[in-house]
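A structural walkthrough
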Amino acid sequence: EGVQPQDYTLIKMEVIPPYTGKLKVLEGKNVFLAAATLRPETMYAQTNCWVLPEGKYGAFEINETDVFIVTERAALNLAYQNLSRVPQKPTCLVELTGQDLIGLPLKSPLSSNKVIYTLPMLTILTDKGTGVVTSVPSDSPDDYMALQDLKSKPLLRSKYGVKDEWVLPFEVLPVINIPEFGDISAEKVCADLKIKSQNDKEKLAEAKKLTYLKGFTEGTMLVGDFKGRKVQEVKPLIKSKVLESGQAVMYSE
Ligand code: A2H
């Protein structure tokens, strides 16, 4: 962890009932996978959610009605940020692994896909954010390569019990134009750098550097309520919109 605190927007990705398997005990609650993002303006183009298959997660009570699925570490931080039914003390209703979450159907704020699925990403860090990541393959090189890996490798899908219909129908959706990189910047930069897979860490770090800052400073929105406007201007507006509607909360660590 860095010396400076990092402020994330936690996107509440709602688990669509009925709850089955280990999640059955959560019946009657509103259950969310809570994904930490620095790019709330890209949420229109979500195609899926990522978890670490061997990661340890839990379903924690946020208040009387809502439950967040996150790592235990994140739940403790949330409990010190007024996001726990019992102040400063996480209450875990059920322990889960990432594998338990794969295939869960979700409804996520702003997403133009009505339903998206929870899929495995092998490079998720368990000591950052919530261990849950929302996937925007158009603008995140990590997300782009992880989705390409699943799409192009049937054996990878079968290893984690991923059904074709959770992955194959989901196209990469444009959300931001960056003059230098076009409408799908992650795809362009991954191709330019000849990135082979989600495990190509050094090149992915480079790809992130190339796209992240430019998306903010030079990007223009291609979709949504703020279509045609500069990312720099509308990022705070989109962030306020999801916070005020109760579809997201702030989280820092
Ligand atoms: B970002 P920073 Cl479109 N492990 O959200 C790995 N990656 C994680 C994570 C974890 N535990 N928790 C969050 N992240 C990702 C959107 C996005 C993101 C786009 C473009 C770039 C980008 C959609 N995924 O991040 O280390 C999340 O992905 C590039 C920096 O705190 C989160 O924002 O700087 C970002 O990494 C936080 O990374």
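Residues numbered from 1 in each chain as written. Predicted model: local features only at pLDDT ≥ 70, side-chain atom pairs only at ≥ 80, totals over all residues.

Below, the discussion takes up the environment of Gln-88. You can see Gln-88 is positioned in the loop between helix 1 (72-79) and strand 6 (92-97). Sequence separation between Gln-88 and Lys-188 is 100 residues; the distance between their C-alpha atoms is 45 Å. For Gln-88, the contacting residues outside a window of four places in its chain are Ala-79 and Tyr-80. (Helix = DSSP H or I, 4+ residues; strand = E, 2+ residues; numbered from the N terminus. Contact = placed C-beta atoms within 7 Å.)

Here the amide bond leading from Pro-17 into Pro-18 is cis, since omega sits at 5°, within 30 degrees of zero. Structurally, the position occupied by Pro-18 is in the loop between strand 1 (7-15) and strand 2 (30-37). We note that Gln-88 has phi near 65°; this positive angle belongs to a residue other than glycine. The exposure class of Gln-88 is exposed, given the 10 C-beta atoms found within 10 Å. (Buried ≥ 20, exposed ≤ 12 C-beta atoms within 10 Å, placed from the backbone.)

So, on to the site of the ligand. The immediate surroundings of the ligand are formed by 20 residues, with Thr-37, Gly-129, Val-136, Asp-139 and Ser-140 found nearest. Listed by contribution, the elements that provide at least two residues to the shell around the ligand are strand 2, strand 9 (133-135) and helix 6 (201-217). Ranked by residue count, the leading element in the shell around the ligand is strand 9, at three residues. A class-by-class count of the residues in the shell around the ligand yields seven nonpolar, eight polar and five charged. (Near = placed C-beta within 6 Å. Nonpolar A, V, L, I, M, F, W, Y, C, P; charged D, E, K, R; others polar.)

Burial of helix 5 (residues 185-192) is extensive: six of the eight residues sit out of reach of the surface. Taken residue by residue, helix 5 has Ser-185, Ala-186, Glu-187, Lys-188, Val-189 and Cys-190 as its buried positions. Buried positions along helix 5 lie against helix 3 (141-152) and helix 6. Just beyond helix 5, the residue with positive phi is Lys-194, at close to 55°.

What follows covers the pairing of strand 1. Along strand 1, seven of the nine residues are buried, which leaves the element largely enclosed by surrounding structure. Two strands pair when backbone bridges link them, and strand 1 and strand 12 (residues 248-252) are joined in this way by five bridges, in the antiparallel orientation. Among the inter-strand pairings, Asp-7 is bridged to a residue of strand 12, identified as Ser-252. Where strand 1 and strand 2 come together, six bridges link them in antiparallel fashion. Pairing of Ile-11 across the sheet is with Ala-35, part of strand 2. Pairing of strand 1 with strand 7 (residues 105-107), which is carried by two bridges, proceeds in the antiparallel orientation. From the neighbouring strand, Val-15 faces strand 7, where its bridge partner is Leu-106. (Pairing = 2+ DSSP bridges.)

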